[in-house]
Amino acid sequence: MRTAKDTKDVGHYIGGAHLLEADAPRQAIYDPATGESARSVVLGGAREVDLAVEAARSAWRGWAAMPSLRRARVLDEFRRLMNERREVLARVISSEHGKTHEDALGEVTRGIEVLEFAFGAPHLLKGDYSEGVGGGVDAYSVRQPLGVVAGITPFNFPCMVPMWMYPMALACGNCFILKPSERDPSASLLMAEWLSEAGVPPGVFGVVQGGRDVVEALLSHEGVSAISFVGSTPVARHIYATGARHGKRVQALGGAKNHMVILPDADLDMVTNALMGSAFGSAGERCMAISVAVPVGEALADALVERLVSRIGDLRVGPASDGASEMGPLVTAEHLSRVRGYIEAGVSEGASLVVDGREFRQTLQGYEGGYYLGGSLFDRVTPEMSIYRDEIFGPVLGVVRRDSYEEALSLIRGHPQANGVAIFTRDGDAASAFARDVEVGMVGVNVPIPVPMAFHSFGGWKGSLFGDHHVYGEEGVRFYTRLKAVTMRWPRGQREDPEFVMPTLG
Ligand code: NAD
C-alpha cells in the first residue's frame, strides 16, 4: 500500500488509507490542454468494492450513532480545509478536465455551498411528534440513515457533482463510497484525504476507481443500500433499472438538451451574453449548458445570429494556464472527435453551419496536441436532426427558429430530455406562464443556467432523471434517510387483556 504522494498514479482510498496495487490494470489520464499523459488511474473491480463496503460497514454504526451536531462540526472542519485549499483543487481539476481556473474555482464553491447546507442536518433530521393519539399513546417519526450508499459521477464536475451527494449522505449518518470518472479522478483523492484530516473516521468515506466493473459490483452488492448516479441518459437508465432490480434506492440523473426561448421583447445584448456563457463556458460540457436557442420571430432570429457570429469569432479558446482563456479544450481526444462528428452530421443533415469551430487552430507553443475546438453555431436546425435530438456535450449551439411562443413551448415538450430551460423576456405574464407550463425540472427566467442553490434541490424531468428524488437540499435528506414511525404507550398499572381485533380509537 502506498500513499498518493509517493506515486504519480491515482489509486483507491479505502478504510482511511490509499490503496494502489502494483499489478492492477490502469488507464492513462490525459491533460486535455496538451494531449499528454503523465499519470494513470487504477481500474478496480469487485474485490476493491468488497473492501470498501466492508470498511464502510464496520465504520457505519459508530458514525450513525455520533450526535448529528458533531458530524456537522467534522464537516465544518472539512469546509475550512476546502476553502483554504480551493486553489490547489481547482488546478488539479483543470489539469485533467481542461476547464479554466476560474471555472474550476466556481465548481469548488458550488460544492462547498452544499456542505454549508448539510451543516443543518440536525434540524433537517428532526422528526414529528404527536401526543395522545390514543389513550396514553404518543407517536413520533424520525429519519434514520440508510447505511452504506454509493455515488457514481461524471467527468464534467469532478468536485461539485460528488459534493451534490456525499455532504448530505455523511451529514445524515451514512457511509459513502465514491466511484468518480476515470477521466479526471484526482480530485476524489484530495477530497478523501481532507475528509480524513477533518476527522471523518476511516471507512466512512471511500473511493473506488475504475469504470463499468466497479459500477456493476456496486449495483449488485448487498451491503450497498442506495446509489446516486449522475451521467449520460443511457447509463442512467441502466443504473436505475439494475439498482432497483437489486432492491436499492436509486436516483439516476441523466443527460440534457437545454433550450433558451427568446421572445421579441428581450434585451438582445443580455441574451447574447447569456448564450455565449451558457453555450460555450466549460466548452459546453455542462449538463445545464444551453445548446438550443429558440428565437421567436424571423427578425429577432436574424439579429441574434448576426450578434452571435461576431461574438463567437472573439471567443478566446486556450489552456487553463492562460488566464485570458474563456473556453478550454474538450476532455479527451475521443470526445473531441465525437463532437466533430456531430458538426459533420449537422452539415449533412442540412443545417446551416454559420460558424465552424473546426477551423480553430491552437497557436500557443507547447499546446498543439491539446483537444481544442472553437465555438460552432448552426442556424435553421430542425427537430428531426441528430444535432437537435442528441446531447452533443460540446461547444456547439443550434438555433431553431419558431414563429410563436406556443410553437417554442411545444418544441420543448417534444424533446425527451428535460433538465434545464430558460426564457428571456421583459413580459412578466409570459415568463410566469412559461415557468408554470414548461415540462422541465429547472427553469430560468432571464437566467441562462438555473442551477438551484444548495437549499433547493437539483434535478431534471423525463430522460434527465430516473428515480423519485432530486439531489441535495431537502430532497437529499429524504433520499439518504428512511422514515421510522414509533407508537409508544406507558401502561399505568391497568390490566392488559389480549386484543384480537385491529386497534382503533373506537
Ligand atoms: P457517462 O455516463 O459516460 O459516465 C458517468 C459515470 O458512469 C462514470 O463514472 C463512468 O465511469 C460510468 N459509466 C460509463 N459508462 C458506463 C456503463 N456502460 N456502465 C456502467 N457505468 C458506466 O457520463 P460522462 O461522459 O462522464 O459525463 C457526461 C454526461 O453526464 C452528460 O450526458 C451530462 O449531461 C451528464 N451530466 C448530467 C448531470 C445532471 O445533473 N443531470 C450533471 C452532470 C453531467
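The written sequence of each chain sets the order in which its residues are numbered from 1. pLDDT decides what is reported in this predicted model: residues at 70 or higher carry local features, side-chain atom pairs at 80 or more are listed and counted, and totals for whole chains, interfaces and linings draw on all residues regardless. Side-chain descriptors were evaluated using all non-hydrogen atoms of the structure, hydrogens and water having been removed beforehand.

> Account for the overall build of the chain, with residues named and values stated.
Looking only at helices and strands, the chain has 16 helices and 22 strands in total. Restricting the calculation to C-alpha atoms gives the radius of gyration, and the globule rule supplies 2.2 Å times the number of residues raised to the power 0.38. Against the compact-globule benchmark of 23 Å for 506 residues, the chain has a radius of gyration of 25 Å, which places it among compact chains. When the 506 residues of the chain are sorted by exposure, 57% land in the buried category. Whether two residues touch is decided by their heavy atoms; if any such pair falls within 4.5 Å, the residues are in contact. Intrachain contacts of the chain at a sequence separation of at least 6 include 72% that bridge at least 24 residues. The accessible surface values rely on the Shrake-Rupley method and a 1.4 Å probe; as for residues, cover is taken only from the protein chains in view. If you sum the accessible surface of the chain, you get close to 21,000 Å²; carbon and sulfur atoms cover 52% of it. Residues counted as positive are Lys and Arg, residues counted as negative are Asp and Glu, and His and the chain ends are not counted. Positions of charges follow a simple convention, taking NZ of Lys, CZ of Arg, CG of Asp or CD of Glu. Charge-centre separation for the chain: the mean point of 50 positive side chains lies 6 Å from the mean point of 62 negative side chains. A run of H or I in DSSP counts as a helix once it spans at least four residues, and a run of E counts as a strand once it spans at least two, with each numbered from the N terminus. Between buried and exposed lies partly exposed: a residue is buried under 20% and exposed over 50% of the maximum accessible area for its type, with that area taken using a 1.4 Å probe on protein chains only.

> Can you tell me about unusual backbone geometry, naming the residues and giving the values?
Positive phi, close to 55°, is recorded for serine 282, a residue that is not glycine. Within the secondary structure, serine 282 sits in the loop between helix 10 (268-280) and strand 13 (290-295). For serine 282, a relative accessible area of 6% gives the class buried. Although it is not a glycine, asparagine 446 adopts a positive phi angle of roughly 55°.

> Got a sec to walk through the environment of proline 25? Specific residues and values, please.
With respect to the secondary-structure elements, proline 25 resides in the loop between strand 2 (17-19) and strand 3 (26-31). Between the C-alpha atoms of proline 25 and leucine 43, which are 18 residues apart in sequence, the distance is 5.6 Å. Not counting the four nearest positions on each side in its chain, proline 25 is found in contact with Val41, Val42 and Leu43.

> So what about the site of the ligand? Which residues, and what values?
Note on definitions. A residue lies near a molecule or strand when any single heavy atom of the residue is within 4 Å of it. Every one of the 27 residues lining the ligand counts as a neighbour, but Lys179, Arg183, Ser232, Gly254 and Glu391 are closest to it. We call two N or O atoms a polar contact when they sit within 3.5 Å, provided that within protein one can donate a hydrogen and the other can accept it, with sequence-adjacent residues counted only if both atoms are side-chain atoms. Within the backbone of threonine 153, a nitrogen or oxygen atom sits 2.8 Å from an oxygen atom of the ligand. Phenylalanine 155 is positioned with one of its backbone polar atoms (N or O) 3.1 Å from an oxygen atom of the ligand. Out of a free accessible area of 840 Å², the ligand has 88% covered by protein chains. Secondary-structure elements contributing two or more residues to the shell around the ligand are helix 8 (212-220) and strand 10 (226-230). Charged means Asp, Glu, Lys or Arg here, nonpolar means Ala, Val, Leu, Ile, Met, Phe, Trp, Tyr, Cys or Pro, and polar covers whatever is left, Gly included. In terms of residue class, the shell around the ligand is built from 14 nonpolar, eight polar and five charged.

> Quick one: what's the story with the state of the cysteines, residue by residue and with numbers?
Cysteine sulfur atoms are paired as a disulfide whenever they fall within 2.5 Å. Within the structure shown, the criterion is met by zero disulfides. With no disulfide partner, cysteine 175 has as its closest neighbouring cysteine sulfur the one in cysteine 172, 13 Å distant.

> Please give an account of the packing of aromatic side chains that cites residues and values.
Two rings belonging to Phe, Tyr or Trp (six-membered ring only in the last case) form a pair when the distance between their centres is within 6.5 Å. Interplanar angles under 30 degrees mark stacking, angles over 60 mark edge-to-face geometry, and anything in between is tilted. Counted according to the given criterion, the structure contains 12 aromatic pairs. Here the aromatic rings of tyrosine 129 and tyrosine 140 are separated by 6.0 Å at their centres, their planes lie at 5°, and the arrangement is stacked. In this pair, tyrosine 129 is assigned in strand 5 (residues 128-134) and tyrosine 140 in strand 6 (residues 137-145), connecting sequence segments 11 residues apart. Ring centres 6.4 Å apart and planes at 45° place the aromatic pair phenylalanine 458 and tyrosine 472 in the tilted group. Pair noted here: phenylalanine 458 is in the loop between strand 19 (442-445) and strand 20 (461-462) and tyrosine 472 is in the loop between strand 21 (465-466) and helix 16 (473-479), with a separation of 14 residues, a long-range link. You'll find phenylalanine 458 and tyrosine 472 in the same group, each marked buried.

> Can you lay out the sheet that holds strand 12 (residues 258-262) for me, pointing to particular residues and giving the numbers?
Reading across the sheet, the seven strands line up as 14-15-16-13-12-18-19 and stay open at both edges, with mixed pairing between neighbours. What marks the edges here is a single partner per strand, and that holds for strand 14 (352-355) and strand 19. Between one strand axis and the next, the sheet turns by 20° as a mean value, whatever way the strands run. Here the rule is simple: two strands pair whenever DSSP picks up at least two bridges between them. Two strands pair when backbone bridges link them, and strand 15 (residues 376-379) and strand 16 (residues 396-399) are joined in this way by three bridges, in the parallel orientation. Paired with leucine 377 across the two strands is leucine 397, which belongs to strand 16. Sheet strands in contact with helix 12 (residues 333-349) are strand 14, strand 15 and strand 16, and its direction is about 25° off that of strand 15. Axis definition: a line fitted to C-alpha atoms, limited for helices to the stretch in contact. Angles are taken between N-to-C directions and run from 0 to 180 degrees.

> Tell me about the confidence of the model for the chain, residues and numbers included.
Caution is warranted with low-pLDDT regions, since their predicted coordinates should not be read in detail. Along the chain, pLDDT gives the predictor's confidence residue by residue, from 0 to 100. Looking at the chain as a whole, its pLDDT mean stands at 96, while 98% of the residues score no less than 70. Throughout residues 1-6 the model reports pLDDT below 50, and contacts reaching past four residues in sequence, or to other chains, amount to 12 contacts.

> Give me helix 14 (residues 405-413): which residues, what numbers.
Listing the buried residues of helix 14 in full gives Tyr405, Ala408, Leu409, Leu411 and Ile412. Buried residues of helix 14 fall within an arc of 155° about the axis and therefore sit on the same side. As for helix 14, its buried residues are in contact with strand 12, strand 13, helix 13 (386-389), strand 18 (420-424), helix 15 (428-437) and strand 20. Working note: the arc is built from the helix axis to C-beta atom directions.

> An account of the pattern of salt bridges is needed here, citing residue identities and associated values.
Salt bridges are defined by distance alone: a side-chain nitrogen of Lys or Arg within 4 Å of a carboxyl oxygen of Asp or Glu. Applying the stated rule across the entire model yields 27 salt bridges. Salt-bridge contacts for glutamate 87 lead to arginine 91; the nearest nitrogen and oxygen are separated by 3.6 Å. Taken together, the residues span about one helical turn, with glutamate 87 and arginine 91 both in helix 3 (residues 86-97) at a distance of four residues. Across the pair glutamate 326 and arginine 316 runs a salt bridge, and its minimum N-O distance is 3.8 Å. Of this pair, glutamate 326 sits in the loop between helix 11 (298-313) and helix 12 while arginine 316 sits in the loop between helix 11 and helix 12; the two residues are 10 residues apart in sequence, bridging distant segments of the chain.

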